[in-house]
Amino acid sequence: MSTKVQVTREFLDGVKTLLDELQNHNLEPETRFLCQTLTNELSAKLAAISKRQAYTAYKTTAPGTDNREINRQTYLDQADIHKNWRSSKEFSN
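Calculation notes
- Residues numbered from 1 in each chain as written.
- Predicted model: local features only at pLDDT ≥ 70, side-chain atom pairs only at ≥ 80, totals over all residues.
- Heavy atoms only, no water.
- Helix = DSSP H or I, 4+ residues; strand = E, 2+ residues; numbered from the N terminus.
- Contact = heavy atoms within 4.5 Å.
- Areas by Shrake-Rupley, 256 points an atom, 1.4 Å probe, with all protein chains shown as cover.
- Lys, Arg positive; Asp, Glu negative; His and termini not counted.
- Charge placed at Lys NZ, Arg CZ, Asp CG, Glu CD.
- Core = buried A, V, L, I, M, F, W, Y, C linked by side-chain atoms within 4.5 Å.
- Buried < 20%, exposed > 50% of the residue type's maximum accessible area, 1.4 Å probe, protein only.
- Patch = residues over 30% accessible without salt bridge, like charges linked within 9 Å, V, L, I, M, F, W, Y side chains within 5 Å.
- Salt bridge = Lys/Arg side-chain N within 4 Å of Asp/Glu carboxyl O.

Peer 1: It is not clear to me how the overall build of the protein should be interpreted in this structure. Could you clarify?
Peer 2: Regarding its fold elements, the protein presents three helices and zero strands. Across the protein, helices and strands are ordered from the amino to the carboxyl terminus as α-α-α. In terms of principal-axis extent, the alpha carbons of the protein reach across some 55 × 30 × 25 Å. A sequence separation of at least 24 residues applies to 32% of the contacts in the protein between residues at least 6 apart. When the accessible surface of the protein is summed, it comes to about 7700 Å², and 55% of that surface belongs to carbon and sulfur atoms. Side-chain charges in the protein split into 13 positive and 12 negative, and the spacing between the mean points of these groups amounts to 10 Å.

Below you can see the structure in the form of structure tokens.
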């Protein structure tokens, strides 16, 4: 059974920093692997949070404004959408 729990971004940043610092010490190989795995998972989660925030900023900005296009480009950059797959400007609905 999976339960969802909300934690703040600051908490995740703190845990990632703690794990990074812990890896600088002399650890057993299994512990080092666990720290690296946790660091990778936290990095992926933080990237997903940033991507979602960029998408929300894009979608909540008023249509037809320069800020909306800036937010759209920021989201596309964070979502790793290749430049060849993008339109030069947002299509109007």
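The structure having been displayed, the exposition proceeds.
Peer 1: So what exactly am I meant to see when it comes to the nonpolar core here?
Peer 2: The nonpolar side chains of a soluble globular protein tend to be buried, and buried together. In terms of nonpolar packing, the biggest core is built from seven residues, these being Leu-12, Leu-19, Leu-27, Cys-35, Leu-42, Leu-46 and Ile-49. When residues of this core are traced back to their parent elements, those giving at least two are helix H1 (9-22) and helix H2 (29-60). For this core, the leading source of residues is H2, giving four residues. For Leu-42, the residues in contact, after removing those within four places along its chain, are Leu-12, Val-15, Lys-16 and Leu-19.

Peer 1: How should I be thinking about the environment of Asp-77 in this particular structure?
Peer 2: Among the structural elements, Asp-77 can be located in helix H3 (residues 66-78). The exposure class of Asp-77 is partly exposed, given its relative accessible area of 41%. Residues Asp-77 and Lys-4, spaced 73 residues apart in sequence, show a C-alpha to C-alpha distance of 28 Å. Those residues in contact with Asp-77, other than ones at most four positions away along the chain, are Lys-83 and Arg-86.

Peer 1: Before we go on, may I ask you to explain a nonpolar patch on the surface in this structure?
Peer 2: Nonpolar side chains collect at one region of the surface, where Val-5, Val-7 and Phe-11 lie side by side and expose about 310 Å² of accessible area between them. You can call Phe-11 partly exposed: its relative accessible area is 49%.

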